[in-house]
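Notes for the structure review
For reference, the chains in residue letters:
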Amino acid sequence: MNLGEPPGISPGTSESHLPPQELCSCLQGSQDPPGPPGIPESNPPPGVGVPPPQGPVMAEQGEEDRDYREYRRLEDCEEDSPPGEEEEEQLLLHVTEGPTDSWHHIKDLDSFFTKIYQFHQRNGFACVLLSDVLELVQFLFVVTFSTFLLCCVDYDVLFATRPLNHSHVPERAKVTLPDAVLPAPQCARRLRGSGWLLFLLVLAGAVWLCRLVTALRRLVGYWEIRSFYIRALGIPAEELCNHSWQSVQARLLALQRRQPLCVPRRELTELDIHHRILRFRNYTVAMVNKSLLPVRFRLPLLGPVVFLTRGLQFNLELLLFRGPAALFQNTWSLRPQVKRAGARRALARGLARAAVLLGVANLALCPCVLGWRLLLAFFSYAEGLKRAPGSLGARRWSLYARHYLRHFNELGHELQARLGRGHAPATRYMDSFSSPLLAVLARHVGFFAGSVLAVLIVLTVYDEDVLTVQHILTAITLLGLVVTVARSFIPDEHAVWCPEQLLQRVLAHVHYLPEHWQGRAGRAETRAEMAQLFQYKAVFILEELLSPLVTPLILIFAFPPRALDIVDFFRNFTVEVAGVGDICSFAQLDVRHHGNPQWLSEGHTEAPPERQAEHGKTELSLMRFALSNPSWRPPPPARRFLGHLQAQVTRDAATAPAPRHLLPEGPLPASLLSEDSALAPEALVSSVLAASGLVARDPRFGQPCSTASATASLLASLRTPLGTCAAPESPAEHQGPEDRPALSESRLRSLSRSALLAEVASAEMSLHAIYLHQLHQQQQQQPQGPQPAGAPKPPFVTTGSAARASQLREMPLGGWAEEEEEEEEEETMT
């Protein structure tokens, strides 16, 4: 995509406000925070406002302002205030005395909120202190132990290639570990005789000192955050584990209402906190969504390859956000040159030059970094590989998947929980593929290796002296590894897989899948692309080891050609929000400017194709944020879209049977939808996934309902208790069995509030993701030609469901045609 000449965005017409971060004080102090040049720093009398500085006026026409035509400045997104109230909110600094008066003049609220979040996620100051201290000790241990192995061990004695030179020791005496350790003077001489080793030790010492200083500064900051939790938020250290992040966030919002955290905004919102914590991460997620970052390549013999490691991610963040040539001048605002279209080519040349220099620096440090990665990998995985050789065959979500599947404004623990729920169905989906050729080969290789291993084990049981034979333990270990690897290629003969159903289960949790996978879940190409998102642990380790070699090449050769597009992206997709600073416009969850008409945004968006988020990320991110933060008040465009979505759910639910009619009667469906089910929201997800493979028919309806209608019916049943819990005038006894919600009020009261909100929000978002994908597929399947007036609309079913509709329409839950045929054959034989 060429972002060189995107359509302009009409600039805001409101006047400039005080810079957001310099005038944001954490709680209150005795003085005003220092302002930018031109703003007096003297304290105004109570009730007297400080006039805002007259910044550059952004006109729609004129030669002087033409460079700002794509950069937007937004005012507070809250609803309009009464006359005079908005001016007072933005001009007055309310200073009060209270228990939180020790936190003031905090210039960087991004770092402040980030530390609050990390302090909670790292479980308090004691865990932070212990973790940082042990990381420093681990660094020293790896360096010291590696030096000891290189300089202080006599390997000739250890391997018994040279006998001990002691006359008093018998000829056949057993060698002990102290015999293989060199004396300290000899060890020191060997160390001083190696110049390159001394250089590496000095370099390691410098790195350790830098890490020590960083850790001390971080601990001082976390100690202040600990005091903030105790004194301002009222959360003692011993009770931190009992509070979820939503609880901490609610206390922050309440604190802002009592004692303002940020001057230009009277009321802090959940979206403001997420914007500050995830400011840079939202840009990265948006660039991955727009395929701007150089992480996808096509290599000879290997085909399409995705390469994104922690080392490459660190270098990209250093280049774009934190380095001396970064596009951000601080943590909350872009450089002024980035906002001018006339400086785009000069900025792109500077960014490309910085990428080349950074790549050359990485290339110079490559031997040191590679050696360190090898040592860490060996010390981290060698013991686990010996204990469980199959652990390298386990799968994990790749770093690219964590960016591709991440919503805008999604915190790290929320992403981890969502991908954790999707790990099991993704593993089952990948295990559903097997190669018959590899299976035959693995059976025979496993038989040969297992036979030799069995004989060696029997011999060692009969006489333990067999273990003294040279390399016998090595042979046993390698044979066990071969047997374990061979078994991983042999499929389970009792397993029956349905790739389409498994992929739908994955979609329910990860929320994003490429559109061309629909109806192609059983193809090898889909599995290969899924393997880029859900990779083997062995592949992850190999990529991290190759990162010091590949990262410099990407920075030197792949990044410079995209520098101009990246500069244009930051200019075109950045908005300045009063009191928050410069943020990625996608993070605003603005359906009007970034919605996609094919994802239920038709009539709610004005975005041209190049400004639309891919894969419905704007719509799905908005739904997830609204469900995770029920008290958040969306801006009017987002509110209208959510209302339109709810109306669509209501219309589709009216054309579908009740939730209990979607599945046939039986013990398994009853247990899924019973009040005693331990995971009722997960049962709802299982219900809609089971129903998505068939076209449900109810005798009360004249035509089969679509899978989207089935999902809408379950969504309506899930939302009903939340909306009617506080309505005593609608008792449950007036509802019939078919109209009773899947989660009754007694079930809701039995769960704790925080666990309930997490469960219901997760299940509801899973259903919304499936529902929105189904509507997207239906819209794509609609015929383009004009329909005759009065012609009935055919029911829409998802691809894959239509092909199996006739076979699965009367099938019980979880049933398969093969099992029914076997039962019929057994009955006829008996």
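Quick note: structure is the one above.
Residues numbered from 1 in each chain as written. Predicted model: local features only at pLDDT ≥ 70, side-chain atom pairs only at ≥ 80, totals over all residues. Heavy atoms only, no water.

Let us look at the overall build of the protein. Within the protein, the regular secondary structure consists of 31 helices and seven strands. The buried share of the protein, taken over its 830 residues, is 45%. Sequence-distant contacts, at least 24 apart, represent 77% of the contacts inside the protein between residues at least 6 apart. Surface accessibility of the protein: about 42900 Å² in total, with carbon and sulfur atoms responsible for 59%. (Helix = DSSP H or I, 4+ residues; strand = E, 2+ residues; numbered from the N terminus. Buried < 20%, exposed > 50% of the residue type's maximum accessible area, 1.4 Å probe, protein only. Contact = heavy atoms within 4.5 Å. Areas by Shrake-Rupley, 256 points an atom, 1.4 Å probe, with all protein chains shown as cover.)

As a further point, take the packing of aromatic side chains. If you walk through the whole model with that rule in mind, you get 27 aromatic pairs. A centroid spacing of 4.6 Å and a plane angle of 20° characterise the contact between phenylalanine 280 and phenylalanine 321, whose relative ring orientation is stacked. On the criterion of sequence distance, the pair formed by phenylalanine 280 in helix H9 (residues 279-289) and phenylalanine 321 in helix H10 (residues 310-322) is long-range, its members being 41 residues apart. Across the pair, exposure class does not vary: phenylalanine 280 and phenylalanine 321 are buried alike. Here a set of aromatic residues connected by ring pairs shows up, and it is made of Phe280, Tyr283, Phe321, Phe328, Phe408, Phe569, Phe570, Phe573 and Phe586. Across the ring face of phenylalanine 540, the terminal group of arginine 396 is positioned such that the distance to the ring centre comes to 3.9 Å. Taking NZ or CZ as reference, lysine 617 lies 4.0 Å from the ring centre of tyrosine 512, over its face. (Phe/Tyr/Trp six-rings, centres within 6.5 Å; stacked < 30°, edge-to-face > 60°. Lys NZ or Arg CZ within 6 Å of the ring centre and 35° of its normal.)

What follows concerns the pairing of strand E3 (residues 303-306). As paired strands, strand E2 (residues 296-299) and E3 are joined by four bridges and run antiparallel to one another. For leucine 299, the partnering residue across the bridge sits in E3 and is glycine 303. Two successive antiparallel strands, E2 and E3, enclose a turn made up of three residues, where leucine 301 displays a positive phi of approximately 75°. (Pairing = 2+ DSSP bridges.)

Another point: the packing of helix H14 (residues 412-431) against helix H18 (residues 524-533). H18 packs onto H14 with a crossing angle of 140° between their chain directions and a minimal axis gap of 11 Å. Accordingly, the angle class assigned to the pair H14 and H18 is oblique. Our pair here, H14 against H18, has a crossing hand that is left-handed. Facing Ala426, Tyr429 and Met430 of H14, the residues of H18 in contact are Thr526, Arg527, Met530 and Ala531. (Axes fitted to C-alpha atoms, helices over the stretch in contact; angles between N-to-C directions. Parallel < 35°, antiparallel > 145°, perpendicular 65-115°, else oblique. Left-handed = near helix turned anticlockwise from the far one by under 90°.)

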